[in-house]
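# Residue-level structure breakdown
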Amino acid sequence: MIQTALREIRRGTAEIIDEARIEILLKNYFEKGQTYTVKAGFDPTAPDLHLGHTVLLQKLAAFQKFGAHIQFLIGDFTAQIGDPTGKSETRKKLLPAQIEENAQSYKSQVFKILDPEKTTVVFNSEWINPLGAAGMLELTTTYNVARMLERDDFDKRHKAGISISISEFLYPLLQGYDSVHLKSDIEIGGTDQKFNLLMGRHLQRVYEIGKEQAVLMMPILEGLDGVQKMSKSLGNYIAVADAPNEMFGKILSISDTLMWRYYELLSALSLDEIEALKIGVENGSLHPKKVKEALALEITERFHSRDAAVNAQAEFERVHAQSEIPTEMDEFSIEGAVWIAKALVDCALSPSTSQARREIKQGSVKIDQIKLSDEQYQLEVGEYILQVGKRKFARLKVTQ
RNA sequence: GGUGAGAUACUCAAGUGGCCAACGAGGGCAGACUGUAAAUCUGCUGAUUUUUAUCUUCGAAGGUUCGAAUCCUUCUCUCACCA
């Protein structure tokens, strides 16, 4: 039992520090019913969550199955400093109103994954504000500059002569102090958080709270391209708020290799179930596409509903397998006969008429399912279904 | 503060007076093949209904020239070494 739980906990992790401690916590839970706390901190800087963020949530949900109570920490105080992790320059400060708004957005999203009964949402300003100047000063005596500069990103910036604000030195200290205040048993975070996570252990020792948190680090989820990390700025992300059809389609478009990665980090299936799928694909009894569809269904259902997911699948089948048109698409209306390239731009199917002409030349434009080759084509009054490539559709009404 | 090097399209990167809307690679888009997978092959990848054309673009602003990404001046920023 403990071993099964431990396997699930270990699943997909990049690194675990003090695994023995986790094992003891699990043992106490299974034998004596004792619960323990798992802390995870979130910067309320990014209101739109994508699947990359949910990797951590998924792990927290796994912990909840094995007796953990989650301390879902929203770093409203620390957000005022800005986490220096991975940044090459000092971050801009966030306004309190923005922080509040982002925090609310987080709360509404995370309970799609976490069990609210076993979760406490906390804000670190609650205990950092009362700390005051004296407490803050005390905190700073626990660490020194040389060790702070050992940290990779600080080191690079320091050597390159790029400014590091003193307040940024406080960030890891405060994050660590959160663990002191919350008396966390375990803290989880991304691999890039290692330094900050270890600070929690350090400070728990210094402040003598009688335990040192175990640390569990999750890898960064790759985006749709399978190479770079999932991020909004790279455009390779699946947002938690994506419409069901879009979400389903995006998941189905990932590569087979990446699919297993997503299974490992995002699926709620157990390791044994995933292993069974893998074997099925390898011996040919399962088609990889079916397996990917199952994943797409699971994830779409998680953020929407069973019905929405099933519909998305049916829709996908219609549009792509049978190359029919989707049931729903954006509708546009234009007055008077219009040049096709212009119409494509107006329907947001092409970014420019030049691009539209190229697309026509390459045979990717279809009107009512018929390929168009004449780039001078004029659309007369009537209703048309325009298509560019395989996935962009629009319904256009040309009026007098 | 001193000296030197550099800034070219989404990214890297060639181009040192006209053949430059700018080589090449990556990325992206599209077509073929497929399972909207991967791999592979092909085309496209500043804008514009003048499309074997026109306009705008090579850090910014001026200047030289019939003609400038390329030469000159000033400015802004980045990097390296020294202090």
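The model shown is predicted, which means the values in this text are computed figures rather than measured ones. (Residues numbered from 1 in each chain as written. Chains lettered and ligands numbered in written order. Predicted model: local features only at pLDDT ≥ 70, side-chain atom pairs only at ≥ 80, totals over all residues. Heavy atoms only, no water.)

### Description of the sheet that holds strand E2 (residues 36–42)
Within a sheet, neighbouring strands are paired by backbone hydrogen bonds and run either parallel or antiparallel to one another. Here we have 6 strands laid out as an open sheet, ordered E1-E6-E5-E2-E3-E4, and mixed in their pairing. The sheet is open, and its two borders are formed by strand E1 (15–17) and strand E4 (119–123), each paired with just one other strand. With direction set aside, neighbouring strand axes in the sheet form an average angle of 20 degrees. In this sheet, strand E6 (residues 214–218) lies alongside E1 in antiparallel orientation, the contact comprising 3 bridges. Looking at the pairing, Ile-17 lines up with Val-215 of E6. Taken strand by strand, helix H3 (residues 51–65) contacts E2, strand E3 (68–74), E4, strand E5 (186–190) and E6, and its axis lies near 155 degrees from that of E5. Across the sheet, helix H4 (residues 96–110) lies against E2, E3 and E4, angled at about 155 degrees from E3, the strand it touches most. (Pairing = 2+ DSSP bridges. Helix = DSSP H or I, 4+ residues; strand = E, 2+ residues; numbered from the N terminus. Axes fitted to C-alpha atoms, helices over the stretch in contact; angles between N-to-C directions. Contact = heavy atoms within 4.5 Å.)

### Some remarks on the layout of surface pockets
A water-sized probe, rolled over the atoms, reveals where empty space remains. There is about 830 Å³ of room inside the second largest pocket. Asn-245, Glu-246, His-320, Arg-391 and Phe-393 are the residues nearest the centre of the second largest pocket, which is lined by 26 residues in total. Of all the secondary-structure elements, those providing two or more residues to the lining of the second largest pocket are helix H11 (244–252), helix H15 (306–321), strand E7 (330–335) and strand E13 (392–399). No other element matches H15, which puts 6 residues into the lining of the second largest pocket. Here the residues of the lining of the second largest pocket are counted per class, giving 12 nonpolar, 6 polar and 8 charged. (1 Å grid on protein atoms, 1.4 Å probe; cavity = no way out; pocket = protein on both sides within 12 Å on 5 of 7 lines; lining within 4 Å. Points joined across faces, edges and corners; volume = space filled by probe spheres on them. Nonpolar A, V, L, I, M, F, W, Y, C, P; charged D, E, K, R; others polar.)

### Regarding helix H17 (residues 353–361)
Along H17, the residues classified as buried are Ala-356, Glu-359 and Ile-360. Taken around the axis of H17, the buried residues stretch over an arc of 100 degrees, which confines them to a single face. Turning to H17, the residues buried within the fold contact helix H16 (340–346), strand E9 (365–367) and strand E12 (382–388). Looking one or two residues beyond H17, the residue adopting positive phi is Gly-363, at roughly 75 degrees. (Buried < 20%, exposed > 50% of the residue type's maximum accessible area, 1.4 Å probe, protein only. Arc of directions from axis to C-beta.)

### Quick notes on the sheet that holds E12
Here we have 5 strands laid out as an open sheet, ordered E7-E13-E12-E9-E10, and mixed in their pairing. A single partner strand is all that each edge strand has here, and the edge strands are E7 and strand E10 (370–371). Sheet topology note: the E9/E12 ladder contains 3 bridges and is antiparallel. Residue Lys-366 lies in a different strand from E12, and its bridge partner there is Gln-387.

### Overview of the protein's contact with RNA strand B
Taken together, 24 residues lie near RNA strand B, and Phe-316, Thr-353, Arg-358, Gln-376 and Gln-378 sit nearest. Among all atoms of RNA strand B positioned within 4 Å of the protein, those belonging to sugar or phosphate total 49%. In this structure, a base nitrogen belonging to RNA strand B sits 2.8 Å away from a side-chain N or O atom of Lys-292. The side chain of Lys-390 places a nitrogen or oxygen atom 3.5 Å from a base oxygen of RNA strand B. For the surface near RNA strand B, the secondary-structure elements that each account for two or more residues are helix H14 (288–303), H15 and H17. The class makeup of the residues in the surface near RNA strand B is 4 nonpolar, 13 polar and 7 charged. (Near = heavy atom within 4 Å. Polar contact = N/O pair within 3.5 Å; in protein donor to acceptor, adjacent residues only side chain to side chain.)

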